[in-house]
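Residues per chain are reported as follows:
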Amino acid sequence: MNDDARRADAIVRQAEAMRDFQARSVVFQDAVARSVGLNGTDVQAVGLLLGEGPATPGELAARTGLTSGGAVTAMIDRLERAGYVTRSRDESDRRRVIVAADADALMADLGPVYARVSELWGEYLDTLSVEQVEFAAALLQAAADVNRRAVEEIRRG
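Per chain, residues are indexed from 1 in the order of the written sequence. Owing to the predicted nature of the model, reporting of local features is limited to residues with pLDDT of at least 70; listing and counting of side-chain atom pairs is limited to 80 or more, with chain, interface and lining totals taken over all residues. To get the side-chain values, take all heavy atoms of the structure and skip hydrogens and water.

Between the rings of Phe, Tyr and Trp (Trp by its six-membered ring), a pair exists once the centres lie within 6.5 Å; its type follows the angle of the planes, with under 30 degrees stacked, over 60 edge-to-face, and the other angles tilted. Per the counting criterion, the structure on display carries two aromatic pairs. Taking 5.8 Å as the distance between ring centres and 80 degrees as the angle between the ring planes, the aromatic pair formed by Phe 28 and Tyr 114 counts as edge-to-face. Taken together, the residues span a long stretch of sequence, with Phe 28 in helix H1 (residues 3-35) and Tyr 114 in helix H5 (residues 103-125) at a distance of 86 residues. Helix numbers and strand numbers start at the N terminus; a helix is a DSSP run of H or I with at least 4 residues, a strand a run of E with at least 2.

Structural data, given as structure tokens:
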């Protein structure tokens, strides 16, 4: 097989692997969420709060793609009842509510599940060279960036 054919074949296999990875990631996140009585969007919202910091309900709605109002309020209510987020008044504008994730509570319930996946992933990464791990990190970051941009385009219509 010549280099052009090898490259075309590798690109097809990469696309298939990416589709499989994305589908399995969604199914995994849903299973994790259901294990603590939540849904996938709830857990993703907490993850976004952990990664991007506290937010107003409107900002959280934008991050998750939920409509502001009832849907996001119901989600925040579920997360607050579960102990994964807190609501507080914005110190600079007491009319605004700020939602923050409670990392300790989340990790107490979900940490063991994520720790096991991290352990399995670590075992695989131990088989790779530093250069391969660096490439994998760059590839995954690029994939995340592409997905973020695609979501922004879809939401803009």
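Now, onward.
This part covers the nonpolar core. By size, the foremost hydrophobic cluster in this structure holds 19 residues, and its most contacted members are Leu 60, Leu 79 and Val 85. Breaking this core down by element, the ones donating at least two residues are H1, helix H2 (40-52), helix H3 (57-64), helix H4 (70-82) and H5. Contacts: residue pairs with any heavy atoms within 4.5 Å of one another. Not counting residues up to four positions away in its chain, the partners in contact with Val 85 are Val 46, Leu 49, Ile 76, Leu 79, Glu 80, Val 99, Ala 100, Ala 101 and Asp 102. Throughout, nonpolar core names a set of buried Ala, Val, Leu, Ile, Met, Phe, Trp, Tyr and Cys residues whose side chains join them through atoms within 4.5 Å. Each residue is placed in one exposure class: buried if its accessible area under a 1.4 Å probe, protein chains only, is under 20% of its type's maximum, exposed if it is over 50%, and partly exposed if it falls in between.

We now examine H2. Taking 1.5 Å of rise per residue, 13 residues should cover 18 Å, and H2 covers 18 Å from first to last C-alpha, within 8% of that figure. If you check which residues of H2 are buried, you get Gly 40, Asp 42, Val 43, Ala 45, Val 46 and Leu 49. Residues of H2 that are buried make contact with H1, H3, H4, strand E1 (85-89), strand E2 (97-101) and H5. Gly 53 sits one or two positions beyond H2 and adopts a positive phi of about 95 degrees. The span you would expect from a helix comes to 1.5 Å times its residue count less one.

Bringing the packing of H1 against H2 into the picture now. To define axes, lines are fitted to C-alpha atoms, for helices over the stretch in contact only, and angles between the resulting N-to-C directions are given on a 0 to 180 degree scale. One way to put it is that H1 packs onto H2 with a least axis distance of 8 Å and a crossing angle of 95 degrees. For the element pair H1 / H2, the angle class is roughly perpendicular. Listed contacts from H2 to Gln 29, Asp 30 and Ala 33 of H1 are Gly 40, Val 43 and Gln 44. Our angle categories are set so that under 35 degrees counts as roughly parallel, over 145 as roughly antiparallel, 65 to 115 as roughly perpendicular, and the remainder as oblique.

For the rest of this paragraph, the subject is the confidence of the model for the chain. For the chain, the average pLDDT comes to 92, and 99% of its residues sit at 70 or higher. For every residue, the pLDDT score states the predictor's confidence, bounded by 0 at the bottom and 100 at the top. When mean pLDDT is taken per element in the chain, E2 scores highest with 96 and H3 scores lowest with 90.

With respect to the secondary-structure elements, Gln 29 resides in helix H1. Polar side-chain contacts of Gln 29 include one of 2.8 Å to the side chain of Tyr 114. The residues contacting Gln 29, other than those within four sequence positions of it, are Val 43, Gln 44 and Tyr 114. Two N or O atoms count as a polar contact when they lie within 3.5 Å, although within protein this holds only if one can serve as hydrogen donor and the other as acceptor, and sequence-adjacent residues are included solely when both atoms are side-chain atoms.

In this section: the environment of Gly 58. Examined against the element boundaries, Gly 58 turns out to sit in helix H3. Put simply, Gly 58 and Ile 98 are 40 residues apart on the chain and 9.8 Å apart in space, counted from C-alpha to C-alpha.

A word on the side chain of Asp 42. Mapped onto the elements of the fold, Asp 42 is located in helix H2. Here the side chain of Asp 42 touches Arg 78 through a polar contact of 2.9 Å, side chain to side chain.

Glancing now at a nonpolar patch on the surface. On the surface, Phe 21, Trp 121, Tyr 124 and Leu 140 cluster together into a nonpolar patch covering about 440 Å² of accessible area. By secondary structure assignment, the location of Phe 21 is in helix H1. You can call Phe 21 partly exposed: its relative accessible area is 48%. Any residue with relative accessible area above 30% and no salt bridge may belong to a patch, with like charges joined within 9 Å and the nonpolar Val, Leu, Ile, Met, Phe, Trp and Tyr side chains within 5 Å. Note on areas: these come from Shrake-Rupley sampling with a 1.4 Å probe, and a residue is covered only by the protein chains present in the view. The rule for a salt bridge is simple: a side-chain nitrogen of Lys or Arg has to be within 4 Å of a carboxyl oxygen of Asp or Glu.

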